[in-house]
Amino acid sequence: MKNLKIAIQKSGRLNEKSVQLLKNCGLSFENYKSSLITKVNNFNLEILFLRDDDIPGYVAQGIADLGIVGENVIDESRAKVSYLQRLGFGRCMLKLAVPTSSEITELKDLEGKSIATSYPVILQEFLDEYKINASIQEISGSVEIAPGLGLSDAICDIVSTGTTLKNNGLKPFADVRSSEAILIGRDGLTENPILCELMQRLQSVLLAKETKYVVLNVERTNLPQITELLHGVKSPTVVPLADEGWVAVHTVITEDDFWDKINKLKAAGAQGIVVMPIEKIIL
Ligand code: PRT
Ligand code: ZN
């Protein structure tokens, strides 16, 4: 069978997590920083290491079959690719920001002003949506220093912790779009058996990341309340303990309501709660 090619970022914020995700899917490969392409030893896949900006175009042209890249980069490129899977890392927000002393406080104040950004396509669409006429100054990096240099009144840039804005005397005042890393694919790939296998592995890794394996002890008399709290899970495993009045309950809890559920379990009499990471969940 012909190998598929997946393009990932060569170096930068998405590289390490992209490599780790593929390795967690059981793929074994050398990650030499100097090579641009590497063959996976135990799967029909080759990995191309590219600059993130090039990935959507490579996939749209079919030079790579798959790619891992931020939504911001996909949208900015306008490349025609399919979204296959959200990957849950590289999360950030494209924001509008101004110097802390600026009189601009809301979107309509941008009318007639200039905005520096590396994302002119996304920004223009956003301004059109809100019917704002502003001039866009396209710059490729260090956008945060543009207002200080007198190049623009505002900026539109990626923010994650907000430290860079703060360090440059800027304050955010509007969100343009959120972004996370996405697995993208070229057209006509969906039926490919190599992709189907990879998607199954990816989903089991991603699902496992969102869940925890929990073991707890409870008095038999309190078991009904505990199983009631765990109604989302197909019958939790209940194991008798040496002390006949007690049982151990084994279950899986999702990350999003983890603490809420643990506190309710404790209130219902759960003791000795042990929480373990799950590597994979095969459905
Ligand atoms: O060399 P190459 O072109 O491949 O990489 P790059 O330098 O263009 O991108 P890189 O590695 O910086 O980011 C890759 C992707 O990570 C982006 O396209 C986003 O999808 C995502 N991402 C997540 C981020 C951030 N968080 C982030 N904080 N991309 C950039 N930043 C920058 C931002 O531009 C700003 O300068 O970090 C600074 C802000 O960070 P905070 O934490 O101070 O707010
Ligand atoms: Zn880039």
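Above this text is the structure in question.
Presented here is an overview of the structure given in this document. As the structure is a computational prediction, the values presented were derived from the model and not from experiment.

**Observations concerning the sheet that holds strand β5 (residues 82-86)**
Across the sheet, which stays open at both edges, the six strands sit in the order β2-β3-β1-β4-β11-β5 with mixed pairing between neighbours. A single partner strand is all that each edge strand has here, and the edge strands are β2 (37-39) and β5. For this sheet, the mean inter-axis angle between neighbouring strands, taken without regard to orientation, is 25°. Pairing of strand β1 (residues 4-9) with strand β3 (residues 45-50) involves six bridges; the strand directions are parallel. Counted as the bridge partner of I6 is I47 from β3. Helix α1 (residues 15-24) contacts β1, β3 and β4 (66-70) of the sheet and is inclined by roughly 145° relative to β1. Here helix α6 (residues 193-209) sits on the sheet in contact with β1, β4, β5 and β11 (181-185), set at roughly 35° to β5.

**With respect to the coordination of the zinc ion (ligand 2)**
The coordination sphere of the zinc ion (ligand 2), as far as protein atoms go, consists of D52 (OD) and D53 (OD), spread over 2.0 to 2.1 Å. For the zinc ion (ligand 2), the four donor atoms in the first shell make angles of 75 to 172° at the metal, so the coordination geometry reads as irregular. Given the relative accessible area of 44%, D53 is considered partly exposed.

**Some remarks on the pattern of salt bridges**
Side chains bearing opposite charge may pair, as long as their charged atoms lie close to each other. As enumerated under the stated definition, the model contains 16 salt bridges in all. For E71, the salt bridge is made with R177, and the minimal N-O distance between the two is 3.2 Å. One end of the pair, E71, is in helix α3 (residues 71-77); the other, R177, is in strand β10 (residues 170-179), and 106 residues separate them in sequence. Exposure remark for R177: the relative accessible area of 18% places this residue in the buried category. D257 is the partner of K261 in a salt bridge, and the nearest nitrogen-oxygen pair spans 3.8 Å. Counted as one network, the salt bridges with shared partners bring together E71, D75, R86, R91, R177 and E180.

**What to know about the packing of aromatic side chains**
In this structure the tally under the stated criterion is two aromatic pairs. Where F126 meets Y130, the ring centres are 4.9 Å apart and the plane angle is 45°; that geometry is what we call tilted. A relative accessible area of 7% places F126 in the buried class. A centroid spacing of 5.1 Å and a plane angle of 85° characterise the contact between F258 and W259, whose relative ring orientation is edge-to-face. Residue W259 is classed as exposed on the basis of its relative accessible area of 61%.

Criteria and cut-off values
Residues numbered from 1 in each chain as written. Chains lettered and ligands numbered in written order. Predicted model: local features only at pLDDT ≥ 70, side-chain atom pairs only at ≥ 80, totals over all residues. Heavy atoms only, no water. Pairing = 2+ DSSP bridges. Helix = DSSP H or I, 4+ residues; strand = E, 2+ residues; numbered from the N terminus. Axes fitted to C-alpha atoms, helices over the stretch in contact; angles between N-to-C directions. Contact = heavy atoms within 4.5 Å. Donors = N, O, S within 2.8 Å, 3.2 Å for Na, K, Ca; no water. Tetrahedral: all angles 85-135°; square planar, octahedral: opposite > 155°, others 65-115°. Buried < 20%, exposed > 50% of the residue type's maximum accessible area, 1.4 Å probe, protein only. Salt bridge = Lys/Arg side-chain N within 4 Å of Asp/Glu carboxyl O. Phe/Tyr/Trp six-rings, centres within 6.5 Å; stacked < 30°, edge-to-face > 60°.

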